[in-house]
Amino acid sequence: MHRTMSSEKARKNKTTKPLDPPPPDDVLFGRSVAMLEVRRRAAKICGTNVPVLLEGDGGTGKEVLARWIHEHSPASNGQFVKVNCASIPGTLLESELFGYEKGAFTGAHISKPGRVELAHNGTLLLNEIADIDLDLQSKLLQFLQDGRFSRIGDQAERGVETRLICATNKDLEHEIEAGRFRADLYYRINVVRLRLPRLRERREDIPLLAEYFLAQFQEKFMKQAEPLSREMLHYLRNLDWPGNIRELSNGIARHVLMGAEARIAQESAASQVPSVRVNSVASGTVPLKQIAREAVRDRERNFILEALQANQWNRRKTAEALKISYRALIYKIHNGGLISRSSRLPAASQGDAPGTARSSAD
Ligand SMILES: Nc1ncnc2c1ncn2[C@@H]1O[C@H](COP(=O)(O)OP(=O)(O)OP(=O)(O)O)[C@@H](O)[C@H]1O
Ligand SMILES: [Mg+2]
């Protein structure tokens, strides 16, 4: 085992891309209660070798947290090896995980160690564990029982020490009920479970994350971008973010590259209402009242936007036109994140001709 390890490590180093630097802890965990709780629990298990199950929607930071756990554990002396189970078809996944011997199957011209071996003394992250088929689940279970396995086409058993982290955005208990996931495997991998909150469940962290991404992308693209205004940050805080941190990160990258702040907001705003519905329908609960409230709020927001544009963003005139008080209008503008494009603030202001709109025309 150890005899082959160093050459395998070298091979892996040659084939893996350099990683983006991890976010500093204060960005990674932010200030929200939900994430501070994740941090507290994650810190407790770092010193041990117990399997960890990370749950959370796509883009909530499961992989980032897995790396953090790896870096803060004794396994950091070894490699952090990840396998995206969903993207590799069943039989290939087995050879990817456990490796194969030369001649084990057509095309096996050389012997190849699996990811499990590469993760010896390190951490093995199995992404989207729910997507492993039932046959391979059995083999994985055997491996987890004693750390022993065989490469495909090899009689000999090998053993490794590795820290296992599994990630999923599916409800594994539901998968068990549906007969797609083995209950015994679930109990093996679920010694400690950490659930990552959706971005909209930790809104207070959005400004911090947005500023972090802005700095990162300015450096990466060697391009200075417009700073994120207070109003913009407020607006971003109030979006739904179905794609979570990944969506926010992409939005800021777009902002740096294209220089169009409105696009961060527009694309997310366009996706926010349907996402509530899709998520709710998928989970079997349709909050009709919420949908109605959102529909009314959206109509009102669009109406106010049109009135603002018709009045060249003069808020006093707009309030008069809408027959509401000036204060009420200011409140609604603020709440809806309605800002004119020319003031470089967030705006869902399609058709707001640059140069004609003014944000402080009272
Ligand atoms: N706390 C964080 N601080 C800074 N960046 C983060 C944080 N969490 C996630 N990211 C960034 O967001 C993106 C998505 O994160 P990650 O891949 O860890 O999510 P995930 O939950 O594994 O998503 P998926 O289920 O789709 O695989 C990455 O670019 C990552 O660098
Ligand atoms: Mg992931």
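Every residue gets a number counted from 1 within its own chain, in the order that chain's sequence is written. Chain letters and ligand numbers both follow the written order, the letters beginning at A and the numbers at 1. With the structure being a predicted model, the display of local features is reserved for residues of pLDDT at least 70 and the display and counting of side-chain atom pairs for 80 or more, all residues being used for whole-chain, interface and lining totals. As a rule here, side-chain values come from all non-hydrogen atoms in the structure, and water together with hydrogens is ignored.

Chemist: A description of the overall build of the protein chain should follow, citing residues and the corresponding values.
Modeler: Looking only at helices and strands, one finds 16 helices and nine strands in the protein chain. We call two residues contacting when some pair of their heavy atoms lies within 4.5 Å. Once local pairs closer than 6 in sequence are excluded, the contacts in the protein chain between residues at least 24 apart make up 71%. The method behind every accessible area is Shrake-Rupley, applied with a 1.4 Å probe, and residues are considered shielded solely by the protein chains displayed. Surface exposure of the protein chain reaches about 18900 Å², of which carbon and sulfur atoms provide 52%. Numbering of helices and strands runs from the N terminus, with a helix taken as a DSSP run of H or I at least four residues long and a strand as a DSSP run of E at least two residues long.

Chemist: Outline the nonpolar core, listing residues and values.
Modeler: Ranked by internal contacts, the top residues of the largest apolar core, which has 29 residues, are Leu126, Ile129, Leu140 and Ile189. Broken down by secondary-structure element, the contributors of at least two residues to this core are β2 (80-84), α5 (90-98), α6 (115-118), β5 (123-127), α7 (134-146), β8 (163-168) and α9 (183-189). With five residues, α7 is the single largest residue contributor to this core. When neighbours within four sequence positions are excluded, Leu140 is seen to be in contact with Phe98, Leu126, Ile129, Ile132 and Leu185. One finds Leu209, Phe213, Tyr235 and Leu236 within the second-largest nonpolar core, a separate group that totals 22 residues. Nonpolar cores are built from buried Ala, Val, Leu, Ile, Met, Phe, Trp, Tyr and Cys residues. Side-chain atoms within 4.5 Å join them into one set. Accessibility here uses a 1.4 Å probe with only protein chains present; expressed as a share of the type maximum, an area under 20% marks a residue as buried, one over 50% as exposed, and anything in between as partly exposed.

Chemist: Could you give an account of the sheet that holds strand β1 (residues 52-55), naming the residues involved and the relevant values?
Modeler: The five strands are arranged β2-β5-β8-β1-β9 in an open sheet whose pairing can be described as parallel. Unpaired on one side and paired on the other, β2 and β9 (192-195) mark the two borders of the sheet. Each neighbouring strand pair of the sheet contributes to a mean axis angle of 20°, computed without reference to strand direction. Sheet analysis places β2 next to β5, joined by five bridges and oriented parallel. Following the sheet pairing, Lys82 is matched in β5 by Leu125. In this fold helix α4 (residues 62-71) packs onto β1, β2, β5, β8 and β9, with an angle of close to 155° to the strand it touches most, β1. Should DSSP find at least two bridges between two strands, the strands are regarded as paired. Interaxial angles span 0 to 180 degrees and are taken between N-to-C directions of axes, which are lines fitted to C-alpha atoms, for helices over the stretch in contact.

Chemist: Hey, could you go over the environment of Arg297 for me, with residue numbers and the actual values?
Modeler: If you trace the backbone, Arg297 turns up in helix α14 (residues 288-310). Considered as a pair, Arg297 and Gly336 are 39 residues apart in the sequence and their alpha carbons are 8.5 Å apart.

Chemist: So what about the environment of Lys139? Which residues, and what values?
Modeler: As for its position among the elements, Lys139 is in helix α7. Taking C-alpha positions, Lys139 is 9.5 Å from Phe98, a pair spaced 41 residues apart along the chain. Once residues within four sequence positions are removed from consideration, Lys139 is found in contact with Glu94, Phe98, Ser150 and Ile152. Any N or O atom pair separated by 3.5 Å or less is treated as a polar contact, with the protein-specific requirement of one donor-capable and one acceptor-capable atom, and with residues adjacent in sequence counted only for side-chain atom pairs. In terms of polar contacts, Lys139 uses its side chain to reach the side chain of Glu94, at 3.0 Å.

Chemist: Lay out helix α11 (residues 230-237) in plain terms, naming residues and giving numbers.
Modeler: Considered for burial, the residues of α11 that qualify are Met232, Leu233, Tyr235 and Leu236. Along the long axis of α11, the arc covered by the buried residues comes to 160°, so they all point the same way. An arc is given here, and it is the one of the directions from the helix axis to the C-beta atoms.

Chemist: Can you tell me about the pairing of β5, naming the residues and giving the values?
Modeler: Moving residue by residue along a regular strand, the side chains alternate between the two faces of the sheet. Burial within β5 is extensive, with five of its five residues counted as buried. In β5, alternate side chains face the same way, and those of Thr123, Leu125 and Asn127 on one face and Leu124 and Leu126 on the other are all buried. Of the pairings in the sheet, the one linking β5 to β8 comprises four bridges and is parallel in character. Looking at the pairing, Leu125 lines up with Ile165 of β8.

Chemist: Tell me what's going on with the side chain of Thr123, and back it up with residues and numbers.
Modeler: Position of Thr123 relative to the elements: it lies in strand β5. Ignoring sequence-local partners within four residues, the contact set of Thr123 consists of His70, Ala75, Gln79, Phe80, Val81, Thr162, Arg163 and Ile165.

Chemist: Before we move on, could you go through the packing of helix α10 (residues 206-220) against α11 and cite the residues and values that matter?
Modeler: Axis separation between α10 and α11 bottoms out at 9 Å; the angle between their running directions is 120°. α11 is crossed by α10, and the crossing has right-handed handedness. Residue-level inspection shows Ile206, Pro207, Ala210 and Glu211 of α10 in contact with α11, the latter providing Leu233, Leu236 and Arg237. Tallied by class, residues from the contact of α10 with α11 come to five nonpolar, no polar and two charged. Throughout, a crossing is termed right-handed when the near helix is turned clockwise from the far one, and left-handed when it is turned anticlockwise from it by less than a right angle. Residue type decides the class: Asp, Glu, Lys and Arg count as charged, Ala, Val, Leu, Ile, Met, Phe, Trp, Tyr, Cys and Pro as nonpolar, and the leftover types, Gly among them, as polar.

Chemist: Could you give an account of the packing of helix α15 (residues 315-322) against helix α16 (residues 326-336), naming the residues involved and the relevant values?
Modeler: Where α15 contacts α16, the axes come no closer than 9 Å and their chain directions differ by 105°. Of the possible angle classes, the one that applies to α15 and α16 is roughly perpendicular. Where α15 abuts α16, its residues Arg315, Arg316, Thr318, Ala319 and Leu322 lie against Tyr326, Leu329, Ile330 and Ile333. In terms of residue class, the contact of α15 with α16 is made up of six nonpolar, one polar and two charged. For this classification, under 35 degrees means roughly parallel, over 145 means roughly antiparallel, 65 to 115 means roughly perpendicular, and everything else is oblique.

Chemist: Can you explain the packing of aromatic side chains? Please cite residues and give values.
Modeler: By convention, a stacked pair of Phe, Tyr or Trp rings (six-membered ring in the case of Trp) has centres within 6.5 Å and planes under 30 degrees apart, an edge-to-face pair has planes over 60 apart, and any other such pair is tilted. The final tally for this structure, using the stated rule, is nine aromatic pairs. Grouped by ring-pair contacts, the aromatic residues Tyr212, Phe213, Phe217 and Phe221 constitute a single cluster. Over the aromatic face of Tyr326 sits the side chain of Arg316, whose NZ or CZ is 4.1 Å from the ring centroid. Look at NZ for Lys and CZ for Arg. If either is within 6 Å of the ring centre and within 35 degrees of the ring normal, a charge sits over the ring.

Chemist: Requested: an account of unusual backbone geometry, with residues and values cited.
Modeler: Backbone geometry at Glu128 places phi at a positive 55°, although glycine is not the residue there. Mapped onto the fold, Glu128 is located in the loop between β5 and α7. Positive phi, normally seen in glycine, also occurs at Lys323, with a value near 55°. Mapping Lys323 onto the fold places it in the loop between α15 and α16. Owing to a relative accessible area of 74%, Lys323 belongs among the exposed residues under this scheme.

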